[in-house]
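Here's the letter readout for the chains.
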Amino acid sequence: MAQTMYSKIDEYGFERPANFDYEVHAEFMGKYMHILVRRAQRWSTLKGKNKFTRSSKLKRFIRKGIPLDFRASVWLQVSGAQKLKEDSVWNYSDLKKKITNPSLIDIIKIDLPRTFPDNINFIGQEQLTGQMFNVLAAFAHQNSEVGYCQGLNYITGMLLLATRNEEASFWLLKVLVEKILPKYSVTNMSGLLIDLDVLDDLVRKLDVDIHKHIHKIGMPWAMVTTKWFICLFTEVLPTETVFRIWDCIFYEGSKIIFRVGLTLIKLHKAEILRTKELSELITCFKEMRNHKDIIDCHQFMIHIFQIPGRITDSDLKNLRTKYSKAQNQR
Amino acid sequence: MSYAYLFKYIIIGDTGVGKSCLLLQFTDKRFQPVHDLTIGVEFGARMITIDSKQIKLQIWDTAGQEAFRSITRSYYRGAAGALLVYDITRRETFNHLTTWLDDARQHSNSNMVIMLIGNKSDLESRREVKKEEGEAFAREHGLVFMETSAKTAANVEEAFINTAKEIYEKIQEGVFDINNEANGIKIGPQHSPTNPSLPGATGSSGSQGGGCC
C-alpha cells in the first residue's frame, strides 16, 4: 500500500479528487500503516472455529478496524449473511439464471456506467462491472418490494471492492437491505423519511446552536444527508473511512449511521455556524470529506463513539416509532 | 453578487434523461459524458440578466427514480419554474410525462412555469420521439417546449433563460405574489425596503458567493 501513497489512484482503484491533500494523507498514512500492521497481528491471534462469533472482544476489535484480508469473512459472519445463505432454499447461481425481467435489466444497465466512473475496476467492461450487474439483478429478482433502487449500485460496488467476491457481495447486500437497515430502499423510502426526522431530533439534543442555525438557513436534512443513509457514506467520505464505518454497521447496525452523521456535524460546528446562506451550508457539508480528522479514519472512528454520547438501540427504536407516527399523520 | 430577484427552479424527469448534465452545462458550461447519478437532490446556481436586471437562478436537480419522489416532492413547493425533461432517444421517458406533470401540478403552486425539454437532440440517429410529438404534448398541456443537447449546449441557455423570462413577465403582470417566498421568488437584498442591515449583508455575500452562487 505504501507505494500508492503518492499515486493518483487510491488502493481501491479510485482516482483521487483534484483537491486531494497529499500532504495530509501522507502524514496520516505514516501513522496508519503502523496501526494496520499492529491490528493485523492482533487479529491473527484470534483462533479456533468460532473466532468470528459475536463477543465483546470481537466488537472491540471491529471498532478498531478489520484487516482487509479478514473483512469479507468477518462481515459475512457477524452480520448474519452467512446464516442467511446457509438457511436459504435456493442458491445464488440458480438465482442468477432467473434474471429475465427486461425493464429491470434496462434500468440497472443505465446505471452501470454511471457507478464509479472514477474507479479503474468499474470502467467499461471491467470484471467488477459485470459482477455488479449480476448482484443487483439477482437481488432485485428475489426482492420485489425493493427491486432495484439507486444507491444499491454504490453499496454493491463497495462490497465488491472490499470482498472481491460476487456471491459474498450478494449475501451482504441482502442482509444489509433486508435485516440491518430500515426501509430506505422501498418504493416510498419510508424508513429514510423517518430517519431524517430522527437525525433532526438527535442534532437538536447534541447541539442546539447547530440545530438552530440549520433551521434558520432553512436547509432540509434530505439535501445533504440522503446519501449518508442511502449509500452508507459512499461518495461522501474517503473509501477507507467508509469501510471502517461499514465494519461497525455490519456488527452494530444502523445506529452507526447516526453516530457518524452526528460526529461529522459536530466536528464542523465552527464551519457550519459561519455559513450565511443555503449554498454555503451545502458546500460546507460537501467538503467534509477533506477534514483532517475524517481522513484520519482511525481517529474518526474513536470520535464516533465519543462525540455523539450514548445512543442505545432502544433509544433509536423509540425515536423511530415516534417519527413514524408523525409521518403517518402528515 | 447582488441580484434583483432570485428564482427557484426544479428539474424533474425520468432517471438518465440528462437532468444533471443540463444543469452542469448551464452553470459550468461543460459536459461530463459519464455523470454520477443523483441521489436525492443536488443544487446549482447562476446569475443571468433579464431586462437589464440581475436575476439569480437557484436550481434544484432531483433524482429521477420513482423511489426518490417522496423526497423530491417537497421541493416542488417553493419553485417558480420547473424543467420537465425527457430523453428523445427513449420513448418511455416521454410516455411518463403525464405522471410527472400530474405530480408537479399537484405539489407546486399553480403559477409555476413549466418548460418541457426533449434532451439529447445531438443523438438524431437514435431518436425515438419526434419533435412534433413534444410540441403537441406541450401545446396540449400549456407548457413551453424546447429540444436541447446538454452535450453540445444547444438551447441549454435558452431553456433556462426563457423560463426565467416567463416568470419575470408574470411578475410584471402581477400574477406572482413576490412577497410570498413559497412562490419561489425572492427580491434581492438591496431591493427590499424592509431590511435595514442590507448594505453589509450584500457586501459579504458578494465576496463569498464566488462563481458558484
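Residues numbered from 1 in each chain as written. Chains lettered and ligands numbered in written order. Predicted model: local features only at pLDDT ≥ 70, side-chain atom pairs only at ≥ 80, totals over all residues. Heavy atoms only, no water.

Going by what an unreviewed UniProt entry lists, chain B is known as Ras-related protein Rab-2A and is assigned to Henosepilachna vigintioctopunctata. Per UniProt, chain B carries the Sequence similarities (unreviewed entry) text "Belongs to the small GTPase superfamily. Rab family." (UniProt positions renumbered as here; feature names shortened; annotations may be inferred.)

The name recorded for chain A in an unreviewed UniProt entry is Growth hormone-regulated TBC protein 1, from Henosepilachna vigintioctopunctata. According to UniProt, the comment filed for chain A under the heading Function (unreviewed entry) is "May act as a GTPase-activating protein for Rab family protein(s)."

Caption draft 1: The arrangement of the overall build of chain B in detail. Assigned secondary structure in chain B consists of seven helices and seven strands. Mapped in sequence order, the helices and strands of chain B form the string β-α-β-β-α-β-α-α-β-α-β-α-β-α. When each of the 213 residues of chain B is scored for burial, the buried share is 53%. For chain B, long-range pairs separated by at least 24 residues make up 74% of all intrachain contacts whose partners lie at least 6 apart in sequence. Accessible area for chain B stands at about 9100 Å²; split by element, carbon and sulfur atoms hold 48% of it. (Helix = DSSP H or I, 4+ residues; strand = E, 2+ residues; numbered from the N terminus. Buried < 20%, exposed > 50% of the residue type's maximum accessible area, 1.4 Å probe, protein only. Contact = heavy atoms within 4.5 Å. Areas by Shrake-Rupley, 256 points an atom, 1.4 Å probe, with all protein chains shown as cover.)

Caption draft 2: Representation of the UniProt feature "domain: Rab-GAP TBC" (unreviewed entry) in chain A in the model. Under the local residue numbering, the UniProt record ascribes the feature "domain: Rab-GAP TBC" (unreviewed entry) to residues 65–253 of chain A. In residues 65–253 of chain A, the share of helix is 68% and the share of strand is 0%. The end C-alpha atoms are 16 Å apart.

Caption draft 3: Looking closely at the interface of chain A and chain B. The interface is formed by 34 residues belonging to chain A together with 26 residues belonging to chain B. With both chains or domains summed, chain A and chain B bury close to 2500 Å², and 61% of this area falls on carbon and sulfur atoms. For the chain A face of the interface with chain B, the top three residues by lost area are Arg-114, Gln-150 and Met-223 of chain A, together amounting to 24%. Counting the contacts that link chain A with chain B gives two salt bridges. Lys-286 of chain A is the salt-bridge partner of Glu-42 of chain B, the closest N and O atoms lying 2.5 Å from each other. Considering only residue class, the side of chain A that touches chain B consists of 19 nonpolar, seven polar and eight charged. (Buried area = accessible area lost by both parts, 1.4 Å probe. Salt bridge = Lys/Arg side-chain N within 4 Å of Asp/Glu carboxyl O. Nonpolar A, V, L, I, M, F, W, Y, C, P; charged D, E, K, R; others polar.)

Caption draft 4: Local environment of the packing of aromatic side chains. All names here are of chain A. Under the defined criterion, the tally for this structure stands at 31 aromatic pairs over all chains. Note on Phe-170 and Trp-171: the rings are 5.0 Å apart at their centroids and 80° apart in plane angle, and the pair reads as edge-to-face. Taken individually, Phe-170 and Trp-171 each receive the classification buried, so the pair is uniform in this respect. Residues Trp-221 and Phe-285 carry aromatic rings whose centres are separated by 6.3 Å and whose planes lie at 75° to one another, so their mutual orientation is edge-to-face. Of this pair, Trp-221 sits in helix 12 (residues 221–230) while Phe-285 sits in helix 16 (residues 278–286), placing them 64 residues apart in sequence. Judged by relative accessible area, which is 7%, Trp-221 ranks as buried. (Phe/Tyr/Trp six-rings, centres within 6.5 Å; stacked < 30°, edge-to-face > 60°.)

Caption draft 5: Local environment of the pattern of salt bridges. A full pass over the atoms with the stated rule returns 32 salt bridges over all chains. Here Arg-46 of chain B ties to Glu-157 of chain B by a salt bridge, and the two come within 2.5 Å at their closest N and O atoms. With Arg-46 of chain B in strand 2 (residues 41–50) and Glu-157 of chain B in helix 6 (residues 156–172), this residue pair connects regions lying 111 residues apart in the sequence. With a relative accessible area of 17%, Arg-46 of chain B lands in the buried category. When salt bridges with common partners are traced through the structure, they connect Asp-201, Arg-204, Lys-205 and Lys-322 of chain A into a single cluster.

Caption draft 6: Local environment of empty space enclosed by the protein. Residues and elements named next belong to chain A. Applying the stated criterion across every chain yields a total of one cavity of 30 Å³ or more. Considering the residues around the largest cavity, the lining is formed by Ile-99, Thr-100, Asn-101, Leu-104, Ile-105, Ile-108, Ala-137 and His-141. Sorting the residues of the lining of the largest cavity by element identifies helix 6 (102–111) and helix 7 (127–142) as the ones contributing at least two each. When residues in the lining of the largest cavity are grouped by element, the largest group, three residues, is from helix 6. Among the residues making up the lining of the largest cavity, the classes are represented as five nonpolar, three polar and no charged. (1 Å grid on protein atoms, 1.4 Å probe; cavity = no way out; pocket = protein on both sides within 12 Å on 5 of 7 lines; lining within 4 Å. Points joined across faces, edges and corners; volume = space filled by probe spheres on them.)

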